[in-house]
Amino acid sequence: MIAAHPRIVFLGAGSVQFAPSLIVDFIHQRDLHGATIAMVDIDADRLALTHALGVRLVAAADVDLAIEATVDRTTVLPGADAVIVSVELDRFPTWESDRQIPAAHGVPQALGENGGPGGLLHALRQIPPIVEICLDVERLCPDALVLNIANPMSRICQAIADHANVRC
């Protein structure tokens, strides 16, 4: 059941790929009207851009959604009903390495984001910060539902299950 005025924390909200489409999804989901969306990203400049766009989208749609932004997730996690995790560290440079390193050892991969040796390299980078996020969720908003949309999804969800006591 959705809370009357849910608080949703969106980590990785500086993404110009995911943030605008997710805000539009929130706008169209009537059950979420009255919610607070807390956008979080460690890149303040990118966050400022996506936050400003989110505020404009909500205003243009004339819906009741509060949009906040911060670079410090610990300030917005308390009281969260849901936490959306969509983080990626050094995405494009490291993805290239995820292809090049296996190829140099005779294992060519088209992408290597989720499977094979490239997917393992990706998982080894992604899992520590996401588990750290989930430990903050466990401590600051233990009843929140964690929705992971970061890749490699299955490996991250397994790591969360193994290392944090959260609903994921």
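Rules used in this analysis
Sequence positions are assigned chain by chain, starting from 1 and proceeding in written order. Where totals are concerned, whole chains, interfaces and linings use all residues; where local detail is concerned, this predicted model gives features only for residues with pLDDT of at least 70, and gives and counts side-chain atom pairs only at 80 or more. The basis for every side-chain value is the complete set of non-hydrogen atoms in the structure, without hydrogens or water. Whether two strands pair depends on DSSP finding at least two bridges between them. The helix and strand labels rest on DSSP assignments: H or I over at least four residues marks a helix, E over at least two residues marks a strand, and numbering proceeds from the N terminus. Here, axes are lines fitted to C-alpha atoms. For helices the fit covers the stretch in contact, and angles between N-to-C directions go from 0 to 180 degrees. The contact definition used throughout considers only heavy atoms, calling two residues in contact when any of these lie within 4.5 Å.

In this section: the sheet that holds strand β4 (residues 82-85). An order of β3-β2-β1-β4-β5 is seen for the 5 strands of this open sheet, with the pairing classed as parallel. Looking at which strands have only one partner, the edges of the open sheet turn out to be β3 (66-70) and β5 (145-148). Ignoring which end each strand starts from, the neighbouring axes of this sheet average 20 degrees apart. For strand β1 (residues 7-11) and strand β2 (residues 36-40), the ladder comprises 5 bridges, and the chain directions are parallel. Bridge pairing in β2 places L11 opposite V40. In this fold helix α1 (residues 19-28) packs onto β1, β2, β3 and β4, with an angle of close to 175 degrees to the strand it touches most, β2. Each of β2 and β3 is contacted by helix α2 (residues 44-61), which is oriented at about 175 degrees to β3, the strand it contacts most.

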